[in-house]
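Summary of structural features
Here are the chains, one letter per residue:
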Amino acid sequence: MKNVLRFIKNWTLPIAMGIGTLAYLLFAYTPQLEDAADFFAPVFDTILPLFMFLILFVTFCKIDFRKLRPVIWHWWLGAVQVLFVGVMMVVALLFGFQGDNLILAEALLTIVICPTAAAAAVVTQKLGGSLEQMTTYTFLSNFITAMLIPVCFPVLEKSAQVTFAAAFMKISSGVCTVLLVPMLLAYIVKHYMHRLHRQIVSIRDLGYYMWACSLMIVTGTTVKNICHSDSSVLFLLLIAFASLVVCIVQFAVGRHIGRLFGHRVEAGQGLGQKNTAFAIWVAHAYLNPLSSVGPGCYILWQNIINSVEIWKYTKKQESKD
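Below you will find a few notes about this structure. What you see as residue numbers is a count from 1 along each chain, following the sequence as written. A pLDDT threshold of at least 70 governs which residues receive local features in this predicted model, and a stricter bar of 80 or more applies before side-chain atom pairs are shown or counted, although totals over entire chains, interfaces and linings include all residues. Side-chain numbers come from the whole structure's heavy atoms, not from hydrogens or water.

Describing the overall build of the chain
Secondary structure elements follow DSSP: runs of H or I of four or more residues count as helices, runs of E of two or more count as strands, with numbering from the N terminus. Within the chain, the secondary structure is distributed over 14 helices and 0 strands. In the chain, the succession of α and β elements from N to C terminus is α-α-α-α-α-α-α-α-α-α-α-α-α-α. The globule rule used for comparison is 2.2 Å times the number of residues to the exponent 0.38, while the radius of gyration itself is calculated over C-alpha atoms. Against the 2.2 N^0.38 benchmark of 20 Å for 321 residues, the chain shows a C-alpha radius of gyration of 20 Å, consistent with a compact globule. Expressed as lengths along the three principal axes of its C-alpha atoms, the size of the chain is roughly 55 × 55 × 40 Å. Sequence separation of 24 or more characterises 83% of the internal contacts of the chain that already satisfy a separation of 6 or more. Per-residue accessibility takes into account occlusion by the displayed protein chains alone, with areas from the Shrake-Rupley method and a 1.4 Å probe. Accessible area for the chain stands at about 15,900 Å²; split by element, carbon and sulfur atoms hold 69% of it. Counting 23 positive and 15 negative side-chain charges, the chain places the centres of these two groups 16 Å from one another. Contact criterion: two residues are considered in contact whenever any of their non-hydrogen atoms come within 4.5 Å of each other. Positive charges come from Lys and Arg, negative ones from Asp and Glu, while His and the chain ends are left out of the count. A charge is said to be at NZ when it belongs to Lys, at CZ for Arg, at CG for Asp and at CD for Glu.

Observations concerning a nonpolar patch on the surface
Taken together, the side chains of L83, V87, V90, V91, L94 and F95 make up a nonpolar region of the molecular surface, amounting to roughly 600 Å² of accessible area. Mapped onto the secondary structure, F95 falls in the loop between helix 4 (72-94) and helix 5 (99-113). Patch definition: residues with relative accessible area over 30% and no salt bridge; like charges joined within 9 Å; nonpolar side chains (Val, Leu, Ile, Met, Phe, Trp, Tyr) joined within 5 Å. Definition used for salt bridges: Asp or Glu carboxyl oxygen within 4 Å of a side-chain nitrogen of Lys or Arg.

Thoughts on the pattern of salt bridges
Evaluation of the coordinates by the stated rule reveals 2 salt bridges. Residue D64 is joined to R66 by a salt bridge in which the shortest nitrogen-to-oxygen separation is 3.1 Å. Burial status follows relative accessibility: with a 1.4 Å probe on protein chains alone, a residue under 20% of its type maximum counts as buried, one over 50% as exposed, and anything between as partly exposed. You can call D64 buried: its relative accessible area is 18%. Its salt-bridge partner being E309, residue R255 comes within 2.3 Å of it at the nearest N-O pair. Of this pair, R255 sits in helix 11 (residues 233-260) while E309 sits in helix 14 (residues 293-320), and the two are 54 residues apart along the sequence.

Notes on helix 12 (residues 264-272)
Of all 9 residues that make up helix 12, 8 are buried, and the element is covered over most of its length. Those residues of helix 12 not exposed but buried are V265, E266, A267, G268, Q269, G270, L271 and G272. Check the buried side of helix 12 and you find it contacts helix 4, helix 6 (120-126), helix 7 (131-156), helix 11 and helix 14.

Things to note about the packing of helix 4 against helix 12
Only the contacting stretch of a helix is used when fitting its axis, a line to C-alpha atoms as for every element, and angles between N-to-C directions run 0 to 180 degrees. Look at helix 4 against helix 12: their axes get within 10 Å of each other, and the N-to-C directions meet at 30°. With respect to helix 12, the axis of helix 4 lies roughly parallel. Judged by the sense of rotation from one axis to the other, the crossing of helix 4 with helix 12 is right-handed. Only E266, A267, G270 and L271 of helix 12 make contact with helix 4, whose side of the interface consists of W73, L77, V80, Q81 and F84. For this classification, Asp, Glu, Lys and Arg are treated as charged, while Ala, Val, Leu, Ile, Met, Phe, Trp, Tyr, Cys and Pro are nonpolar and the rest, including Gly, are polar. Classifying every residue of the contact of helix 4 with helix 12 by side-chain character gives 6 nonpolar, 2 polar and 1 charged. In what follows, roughly perpendicular refers to angles from 65 to 115 degrees, roughly parallel to angles under 35, roughly antiparallel to angles over 145, and oblique to any angle outside these ranges. Two helices that cross are described as forming a left-handed crossing if the nearer one is turned anticlockwise from the farther one by less than a right angle, and a right-handed crossing if clockwise.

Quick notes on the packing of helix 4 against helix 5
Where helix 4 contacts helix 5, the axes come no closer than 9 Å and their chain directions differ by 165°. Judged by the inter-axis angle, helix 4 sits roughly antiparallel to helix 5. Crossing hand, helix 4 versus helix 5: left-handed. Mapping the contact onto sequence places Q81, F84, V85, M88, M89 and A92 in helix 4 and A105, L108, L109, V112 and I113 in helix 5.

Focus on the side chain of S292
Here S292 is to be found in the loop between helix 13 (276-286) and helix 14. If we ignore the near neighbours within four places in the chain, the residues touching S292 are I280, A283 and H284.

Thoughts on a positive patch on the surface
Side chains of R259, R264, K312, K316 and K320 sit close together on the surface and give a patch of like positive charge. The biggest single contributor to the positive patch is helix 14, with 3 residues. Within the secondary structure layout, K312 lies in helix 14. Residue K312 is classed as exposed on the basis of its relative accessible area of 52%.

Okay, here's the thing in structure tokens:
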């Protein structure tokens with residue numbers, strides 16, 4: 001039993017994704033569960049934002065708010081994010097991509113242009129990194145994304161009717177809801193509700209396991225989008241493979257930059273772990289909806305990498321103990 005619990009603890013994220021996948025397939029292809037699937041679909045759509053709010057609230061309760069300030073590696077990572085987006089745009093425009101090639105380019109662009117996931121702070125904390133530096137870069141990454149999308153999307157997708165002001169306000173409002181509100185609430189609890197704060201921080205890895213629950217829902221939604229896609233299996237596999245390559249490159253480059261400044265974990269998460277839910281949304285809203293398969297597959301790859309890193313870190317800590 002002890003070994004089973006250790007296995008579940010070390011591989012929580014892949015297990016969560018597996019449960020999400022099996023749950024969707026079970027409800028989708030079992031006629032007797034059709035009514036239940038119709039009932040739970042809107043429930044999960046409502047629960048997911050609530051999960052993200054609570055996850056960040058619990059995580060921010062552990063922040064030292066005096067340490068929320070930009071540092072040098074933040075600016076390097078921001079520059080790399082802009083560089084990756086620029087390379088994708090130049091390649092797509094230079095070769096005049098159309099059809100499936102354009103969809104593939106859009107799928108990869110949504111991955112590199114979307115901001116750092118708010119939940120990256122949860123993984124960073126799990127890996128022993130600086131929660132404050134990760135949170136600060138998350139804000140910076142969202143601002144960069146808000147500036148890039150209105151510039152890039154109309155150029156790449158002529159039908160993308162997105163103005164700079166509209167896109168900037170939409171993204172900014174999302175950032176405020178997802179990041180600022182739970183942070184403000186956590187600040188109030190930490191400084192004025194000490195008993196509640198002690199109870200929250202005393203539960204080890206609470207935010208991490210809540211995030212695993214939300215990952216089940218996100219994975220099920222991703223599998224649904226892939227199953228309902230009209231494209232060929234070969235093309236879907238191509239998007240999946242390309243998103244894997246981008247995922248490895250972003251984690252590797254981020255970790256390399258972070259190593260130069262003594263923050264390998266934080267920088268790797270900052271550039272590698274993306275807000276794929278946001279990427280899927282902007283793909284549906286402004287680009288070819290099929291391009292959302294790219295960030296959908298990225299969910300799988302980034303969480304496999306996260307799981308391996310957490311397993312290695314846990315094993316290292318156990319050997320020290």
